[in-house]
Amino acid sequence: MTAPLSLGWPAPAKLNLFLHINARRSDGYHELQTLFQFVEHCDYLDFKVLDKPTLKLHSNMSAVVADSDNLILRAAKSLQQRTNCQLGAEIWLDKRLPMGGGLGGGSSDAATTLVALNQLWQTGLSTTELCELGLKLGADVPVFINGFAAFAEGVGEKLQNVEPAQPWYLVLVPQVHVSTAEVFQDPDLPRSTPKLSLESLMNSPWQNDCQRLVAKRYPQVAKTLDWLLEYAPSRMTGTGACVFGQFEQEQQAKDVLAKLPASIQGFVAKGANKSPLMLRLTQC
């Protein structure tokens, strides 16, 4: 009997509503304070359970990312090894989020793979255990597994659920790939923003400590940010390259999207404090 396909598992984008870099650690990682919120714009994954431990990925990204480097396959393999699961999976990825944009697409794909296969393989790991697996794949993976908007500290793994406003966002995608590793290695990156309490941070102006450096090094980012600031409060997310402006009404964001120069891509999406992945999980 052929296992049915399990369709439409979302891997949403995230925004860093603020990002403060507090210190560089002895291991080379950085102490951060950041606020993650999801947006309802997603990659989608479909899964077919196999009765042997084979893992196969079908993706429109194979020409860009080697299978051995793909976080989806690494996530699936890590779950197999952690649980000694003898099942496998055929996985289809519909990639809609830009790569290297600071929206967390690769991390989100990995998180969705762990959450979905934990359910489909019935491996029974808790959310905490899945987050531990996810952290080994990337610092942003646990927030997607956790599934709620969160204030994050440490390297991004210490999470506290929060409920910021859920506005509409216009997210713009400059045609440039920003390397997160290069940004964090840059000697000009600010690394001494004082740590503040969550209450203080939620009531202070929000900023991204990476923004000035990235805008200086990538003129496309600076140009896109300058354009969007004409219409709305706007910032860069993560280490870039994407920038976002927030709007109270969907139509306001769509009206600005309609004015976009042809050289810039973008999309409108609603902010979400609960991940679409959590909603999909309840449908199993």
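Cut-off values and rules
- Residues numbered from 1 in each chain as written.
- Predicted model: local features only at pLDDT ≥ 70, side-chain atom pairs only at ≥ 80, totals over all residues.
- Heavy atoms only, no water.
- Core = buried A, V, L, I, M, F, W, Y, C linked by side-chain atoms within 4.5 Å.
- Buried < 20%, exposed > 50% of the residue type's maximum accessible area, 1.4 Å probe, protein only.
- Contact = heavy atoms within 4.5 Å.
- Salt bridge = Lys/Arg side-chain N within 4 Å of Asp/Glu carboxyl O.
- Helix = DSSP H or I, 4+ residues; strand = E, 2+ residues; numbered from the N terminus.
- Axes fitted to C-alpha atoms, helices over the stretch in contact; angles between N-to-C directions.
- Parallel < 35°, antiparallel > 145°, perpendicular 65-115°, else oblique.
- Left-handed = near helix turned anticlockwise from the far one by under 90°.
- Nonpolar A, V, L, I, M, F, W, Y, C, P; charged D, E, K, R; others polar.
- Expected span 1.5 Å × (residues − 1).

A. Region of interest: the nonpolar core. Within the largest apolar cluster, 39 residues are counted, with the highest numbers of intra-cluster contacts made by L79, L114, W121 and I145. Non-local contacts of I145, meaning those with residues more than four positions away in its chain, are made with A111, L114, V115, T127, L130, C131, G134 and M278. Ranked by size, the runner-up nonpolar core spans 29 residues in total, among them L19, F184, L213 and L260.

B. Structural view of the pattern of salt bridges. Overall, the coordinates contain 11 salt bridges when judged by the stated rule. For E129, the salt bridge is made with R82, and the minimal N-O distance between the two is 3.4 Å. Pair noted here: E129 is in helix α3 (residues 127-137) and R82 is in helix α1 (residues 71-83), with a separation of 47 residues, a long-range link. Note on R82: relative accessible area 40%, which makes it partly exposed. Taken together, the shared-partner salt bridges in this structure form one network comprising R25, D27, E31 and K195.

C. Local environment of the packing of helix α2 (residues 105-120) against α3. Closest axis-to-axis distance for the α2/α3 pair is 10 Å, and the angle between their directions is 150°. Between α2 and α3, the interaxial angle falls into the category roughly antiparallel. Our pair here, α2 against α3, has a crossing hand that is right-handed. Contacts from A110, L114, V115 and N118 in α2 reach L130, L133, G134 and L137 in α3. Its residues assigned to classes, the contact of α2 with α3 shows 6 nonpolar, 2 polar and no charged.

D. How the structure looks around the packing of α1 against α3. Orientation of α1 relative to α3, taken along the N-to-C sense of each, is 135°, at an axis distance of 10 Å. Comparing their axes, α3 and α1 come out oblique. Here the hand of the crossing between α1 and α3 comes out right-handed. For the pair formed by α1 and α3, the contact residues are L71, R74, A75, S78, L79 and R82 on the first element and E129, L130, L133 and L137 on the second.

E. Main features of α2. Taking 1.5 Å of rise per residue, the 16 residues of α2 would be expected to cover 22 Å, and the 22 Å separating its terminal C-alpha atoms lies within 8% of that figure. Burial analysis of α2 places 13 of its 16 residues in the buried class, which makes it a mostly covered element. At the C-terminal side of α2, Q122 shows a positive phi close to 55°.

F. The arrangement of the environment of P142 in detail. If you trace the backbone, P142 turns up in helix α4 (residues 141-146). According to the relative accessible area criterion, P142 is buried, its value standing at 3%. Linking P142 and K48, residues 94 residues apart in sequence, is a C-alpha distance of 24 Å. Setting aside residues no more than four positions away along its own chain, P142 makes contact with C131, G134, L135 and L159.

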